[in-house]
Every structure is written in C-alpha cells, then in structure tokens.
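A look at the structure
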Amino acid sequence: MELKDIINPNNLVYEKPELLTENTMHYCPGCSHGVVHKLLAEVIEDLDIQDKTIGVSPVGCAVFAYNYIEIDWQEAAHGRAPAVATGIARTNPDKVVFTYQGDGDLASIGAAEILHACNRGENMVVIFVNNGIYGMTGGQMAPTTLIGQVTATTPNGRDVGRNGYPLKITELIAQLPGTSYVTRQSVHTPATIRKCKKAIAKAFQAALDKKGTSFVEVVSTCNMNWKMTPVKANEWMVENMFPFYVPGDLKDSSKADPESYTPLKN
Amino acid sequence: MAKVIGAVVVNNEECKGCGLCVVACPQDVLGQNKQVNSRGYHYSFMKNPEACIGCSNCATVCPDTCITVYRVKI
Amino acid sequence: MGELRLMKGNEVIAEAAIRCGCDAYFGYPITPQSEVMETLMDREPWDETGMVVLQAESEIASIHMIYGAAASGKKVITSSSSPGISLMAEGISYIAGAELPCVIVNVQRGGPGLGTIQPSQADYWQSTKGGGHGDYRLIVLAPSSVQEMNDFVELGFKLAFKYRNPAMILTDGVIGQTMEKVILSDYIPRLTDEEINEKYGSWATNGRKPGRQRNIITSLEMDSGRMEQNNLRLQAKYAKMEEEEVLFEEFQCEDAEYLLVAFGSSSRICQKTVDLAREKGIKVGLLRPITLFPFPKKPIAALAKQVKGILVVEMNAGQMVEDVQLAAGCAIPVKHFGRMGGIIPSPGEVVEALEQKLIGG
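Here's a quick rundown of the structure. Quick caveat: nothing in here was measured; it's all calculated off a predicted structure.

1. Section: the overall build of chain B
Looking only at helices and strands, one finds two helices and four strands in chain B. Counting from the amino terminus, chain B carries its helices and strands in the arrangement β-α-β-β-α-β. Relative to the 2.2 N^0.38 estimate, which gives 11 Å for 74 residues, the radius of gyration of chain B is 12 Å and therefore close to what a compact globule would have. C-alpha extents for chain B along the principal axes are approximately 45 × 20 × 15 Å. Looking at chain B residue by residue over its 74 residues, the buried ones come to 54%. Across chain B, contacts joining residues at least 24 apart in sequence account for 57% of those joining residues at least 6 apart. Entry remark: accessible area of chain B is about 3400 Å², with carbon and sulfur atoms responsible for 52%. Each charge sign in chain B was given a centre, from 7 positive and 5 negative side chains, and these centres are 7 Å apart.

As structure tokens, this is what we get:
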C-alpha cells in the first residue's frame, strides 16, 4: 500500500483538536505547555463544554494561552488567577472556570490567592505547570526550584541557607478541605500524557459536578532555561524532579466518603 | 494476524524540531530533517516510513500539535 | 417613591448596592468602612436578589475577584479605605487597562502608611491621577451626604458601563460614619444571563456562544504600535468624559468676590463657612466638584474671571489645589487650606484662613 493510500481521511487516527486555534504557539521548541494546552482543548471538546468554559491565564509564559484555545479567556495579574476565577465562578455558577498557572505564579506571588481559593473550595479547576523555574523572565529561581539547581538567580545552585527550601505546595493544597481532587501528573511520554489527560478530564468533570476545587499539577520541563535539549530535559526531570515531586494522586474524594466534601453555598 | 500500517504527516512549517517525537516513536520511523523550515527548525520527517504502525505516540507528545496520524489494517 | 430611612453612609452603600441590582460584592474589612460588608452580610441579599457577597482573603484578592466577575459582564462593587485601596492599585490598573466596569468605594482615612482611622481626603491624587501603574483614569464621584452615598452607587455603575471604566466613589470617614436621613432607591432587578449576553455579549467572557468568536479580556499587548492605539483609545474615552460627564454644584456664587472650592465632607463644612463669612460681610461663594475626574475646569475658569481669589479647602496637604490652579490660571491667587491626620477643620477656621490667605486680615 502506498503512502497516498494510507493518508486518507478515512484512516485518520490523530489530528489537531478543533478547539486549538491556528496560531503558532510562542513557546520554545519542546515546551511542556504545548502538550498541556492540547490536552485541555481535547478535554473541553470531549466534554462539549466550550460554550460554558472560561479560562484564566495569569502572568507567566502561558499568559498567552488565550491565543490558542477557542474559548472565552481572561488574562490575569501575576498570581491572582484564583481570585479572578473566584469572581467568575461565584457570579456564574453554571459555568466551568479554570486557571492555568506556573510555579512562580501559583506558589510564590499567588500563594495566598491559591491557598484561600482552594480552602474555600471554589468550584474550579487549577492547572499548575511546575517546571521549577521562571520561564518568561529568563530562568530565575522559583519556589519549586530544587536544592542545588542552577538558575539565573542561583548561579551556583539553590542554597538552602540563602534561598530556603523548595515548596511542595501541592501537598499543602491536598490538606485543604475545599479541594476534592488533587493530583500530580507529567507529560513526558505518550503513556503519562494519556494519563494526564484522564486527570484533567476528571478535574473538569468534578467542576461540572460542583465538587469544589480540583487541582492538577503537571511536573514539566523548561528545557530552554534548564539549558538542555528537550529530550535531555525530560530525562533530567525524571531523574531529579520525580523523587521530590512524586507523581500520583494526592487526594481523590470520589474514592472517599462523598459526604466529606461540603459544596459551597451562594 | 492483521497487519497494521500507518503514516504520519508533519506540518513542516509548524514543526519546531524539538525531537520529542523522534524518541517517542517505538518503530524508529521519524528523524529530523537536515533541511530547515522557514523559521530555521530541523523539522521531523518519516525517515523510515514503512515501519510506521500509526500508534500516534509522536503526535501525542508533539507540543505544537503539528503531526497528523493515519492508520490502516490490512 | 423610595423609602425614607435614617442610616450611616457606609450602610447606605450596602443597601444601594443590593437595590441597584448588583451581582456581587467582594471586600476585606478595614476601618472606617467595615459596615459596608457587615451590612451586606446581615442583609443576606443572596436570598433576596441573588447577589453574591464574599469576604476575600485580602484587598488584592477582592479587586481581582471584581476583575473576574466584571469581565463576565456582571455588575460588581467593592469598598475599602486608603491602605486597602493602595493594595488594590494593581487590580484597578488591570481593570482600567482591560476596560471593565465596576464601582470601587474608598472611605478615606488619614495617611501616609497605616496613618490613622480618622477621616481624610489625602487620596485625591491617588484617585484622580491614576493610583496604579500606567496612563489611566478613574471616574471619581465625591459624595457630600449620605443621600449621595445612595445616589452615586447607581450613577457610578451607569458611568462605569457607559465607558467600560472603573468608577470610584471617593468619600471619607465623615460621610461613611455619619447618620443622616436618606431616601433609598427603588429596587432594580439584576440582569439575567440573556440580558447580559444581549447588552455585553460582544466583550463579556461568560462562555463562547455558538456563532461568536471567543472573547478575551486582557490588558496585555506585546506590539508597541497596537499598545499605543490601546492607550489612545483610553485617552479618547477620558476626553469624552471631560466633555460630557462633569458634575459640580455652586452655592451663592452669583455675587461672590471670593470663592471656596471643596469636595465631599469639606464642602459641607464650607457651606457653613459661606454663611459665617457673609454674616461678616465677605461675599464668598462655594464651588463643589462632584466629579473629581472629570474635573470641573470650565466652571472654575469662568468663576476665576469674577472673583478676587480662590481658597481650596481639603483635608490634606494640598492636592486638588493644583487642579484648581491649572483651571483658574494665573490672574488671581489660588490658595490652599487644609488639616491633616484625621482632623476636620471647623467652618470658623476656614473663615480665618480665608481672611488671612486671601483678604489680608
């Protein structure tokens, strides 16, 4: 069989989701954001909720996420996406709201906003892309930067005495009663990407079911600022980040007592 | 046993040559072109097309969603 | 007709918000305005009109909640006092940049820093010249009575939605804490989602409906040419406000030889000053700017041709006086009298200042 016979719409098994726009993503080659965006588009498409989903993209590389997925979007100030999402979700209880935040945004400047939104159990999805570094500003130390990790502001490696410890904020979030589903995923292999998609779908379903805050961390790479090839960056992530940011579900209330979660009034 | 053959189409202009699809392919189908596209990237191509089984791993890992996958059972 | 009640200014803000069909209030406690949220929580409007009331974790969070809800086409209000407004400055700049309507109430207290909890008008610059980063303006309304605390909530929303711009009610601890009689507005129903789509569907981010493009609310633009265009669009909007929305009030200006200019609670004090001065034979009038932005430049310029001098009375070190000087020009003296730190000047003190600074007593 010749190539032209195989390449036929009848034989199509994988194509770009319709909800992804034609805009070329501004991300560096091999950036994890592109994969997470694609998964979001697929999940929103699969659940057929593009007419009721509102995304919030705060400052960071993914502030431009609104250029890539065909839904309504709000750009937000650095760290404030959970507050912005609270404003949308409270006044639009029939809509599905998600934030798309990086580690500097969520775990540093926006630590108060994320903890309180999750603690109130705002009915929303949080996508937390953790690559251990500030991407957009050029590779400075993030709260999640590993001990010894070299960044633009820790040129000799993160030193605990000077910079404190890497923050496992997802573990903190999982303690909060307002969250119903807290998981840590990655997108570095076909298998983990498919698993991550399931996690994102579950989080969006939880929002549709009004189960409070669902939180999906995606341990990711920033190969450009890590100064590695995309392939090497994935290897480095598995070797160095996974032992500290261990992938897996941290909380899944669908498996626990369903009465343990009290939905918000008002 | 039915044999499966596949093919992928890379959008050469959208490809940023990150190489993630190359390592994701279980059949060693893909390679990076010596040529560059208009943005200077060594875009991926099927260097070994007859080995493709249409598993979609390459397209799944592609951050720029520039791979379309086809598959036929014969 | 509306209902006559005896209420505190802060309570009236809450009552007016419910009655004018507000969708939500987001705020954080701070003296001297905590009664706004306390009244709302006590009134439980979620049962009555469906209005959401939420105590946020900070002023920063409250203003960004306002951003999110306003960007989905909702009618939303917040309140704070000076230090809290400083924290909100980030969000206010984003709201102005993204061109969103909302009402922000600042019940001013004395500064700088933590300052005092007593009344002040020292946030005039912050309110009228921006306050956050970038070239932007707020519509600033300065009530001088509890009645206007009621009236300006709906007026603020009217202007905010007309221009897609944040409006601020700039008041202070005097008006916020004073009890006066007030005629409350009649209830206006909250807009339904259908009505919001019809009115604001071209920009509101409340879910992309089939057949329309996705709506994006952002203040970000990487292309400097387009960013300049965005700025020019904002400036054109502010120019239109200056042309069409100026509000002011004159007291006994017809035969005035001297003019007092004062806003908010200072203007209430100055009304008495006018009476006291006239008893002494000094022909003085009062101009009270109601909109601090847009500023009543033209009426001040007109009166500057009539009077021998202007005294600007503010509870600050001299802020609005600069705008009055610009409007009046150089032909007559324009002086400032103010008290700070939460001290409220007495009408007699203002008469003395008028005599010393302008008449030469």
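Past the structure itself, the notes keep going.
2. Looking at the sheet that holds strand β7 (residues 166-172) of chain C
All names here are of chain C. Ordered by their spatial adjacency, seven strands build an open sheet running β3-β2-β4-β5-β7-β6-β13, and the pairing between neighbours is mixed. Each edge of the sheet is formed by a strand with only one pairing partner; in this case those strands are β3 (52-55) and β13 (291-293). On average, adjacent strands in this sheet sit at an angle of 20° to one another, irrespective of strand direction. Sheet topology places strand β4 (residues 76-80) next to strand β5 (residues 102-108); four bridges connect them, and they run parallel. Of the residues in β5, the one forming a bridge with I77 is V103.

3. Some points on helix α10 (residues 224-244) of chain C
All names here are of chain C. The terminal C-alpha atoms of α10 lie 30 Å apart, and with 21 residues this matches the ideal 30 Å at 1.5 Å per residue to within 8%. All buried positions along α10 are accounted for by L234, K237, Y238 and M241. In an axial view of α10, the angular spread of the buried residues amounts to 95°, which keeps them on one side of the axis. In this structure, the buried residues of α10 make contact with α5 (82-97), β6 (139-141), α7 (146-163) and β13. Two or three places before G225, at the start of α10, stands the capping residue D223, its side-chain oxygen 2.9 Å from that residue's backbone nitrogen.

4. Concerning the interface of chain B and chain A
The interface of chain B with chain A comprises 32 residues on the first partner and 32 residues on the second. A buried area of about 2500 Å², summed over both sides, lies between chain B and chain A, and 67% of it is on carbon and sulfur atoms. Broken down residue by residue, the surface that chain B buries against chain A is led by T60, T65 and Y70 of chain B, which jointly contribute 24%. The interface formed by chain B and chain A includes zero salt bridges. Counting across the interface, chain B meets chain A through eleven residue pairs in polar contact (both at pLDDT 80 or more). Among the secondary structure elements, those contributing two or more residues to the side of chain B that touches chain A are β1 (4-10), α1 (20-24), α2 (57-61) and β4 (67-73) of chain B. The dominant element in the side of chain B that touches chain A, judged by the number of residues it contributes, is β4 of chain B, at six residues. The residue makeup of the side of chain B that touches chain A, split by class, is 19 nonpolar, eight polar and five charged.

5. Focus: the pairing of strand β4 (residues 96-102) of chain A
The side chains of a regular strand alternate, residue by residue, between the two faces of the sheet. All names here are of chain A. The buried fraction of β4 amounts to six of the seven residues, a majority that puts the element mostly inside the structure. Here strand β2 (residues 53-58) runs beside β4; their pairing, made up of four bridges, is parallel. By the bridge assignment, T53 is partnered in β4 with V96. With five bridges connecting them, β4 and strand β5 (residues 124-130) associate as parallel partners. In the strand pairing of β5, Q101 is matched with F128.

Thresholds, definitions, all that
Residues numbered from 1 in each chain as written. Chains lettered and ligands numbered in written order. Predicted model: local features only at pLDDT ≥ 70, side-chain atom pairs only at ≥ 80, totals over all residues. Heavy atoms only, no water. Helix = DSSP H or I, 4+ residues; strand = E, 2+ residues; numbered from the N terminus. Rg over C-alpha atoms; globule rule 2.2 N^0.38 Å. Buried < 20%, exposed > 50% of the residue type's maximum accessible area, 1.4 Å probe, protein only. Contact = heavy atoms within 4.5 Å. Areas by Shrake-Rupley, 256 points an atom, 1.4 Å probe, with all protein chains shown as cover. Lys, Arg positive; Asp, Glu negative; His and termini not counted. Charge placed at Lys NZ, Arg CZ, Asp CG, Glu CD. Pairing = 2+ DSSP bridges. Axes fitted to C-alpha atoms, helices over the stretch in contact; angles between N-to-C directions. Expected span 1.5 Å × (residues − 1). Arc of directions from axis to C-beta. Polar contact = N/O pair within 3.5 Å; in protein donor to acceptor, adjacent residues only side chain to side chain. Buried area = accessible area lost by both parts, 1.4 Å probe. Salt bridge = Lys/Arg side-chain N within 4 Å of Asp/Glu carboxyl O. Nonpolar A, V, L, I, M, F, W, Y, C, P; charged D, E, K, R; others polar.

Purely spatial values, then, with no claim about function.
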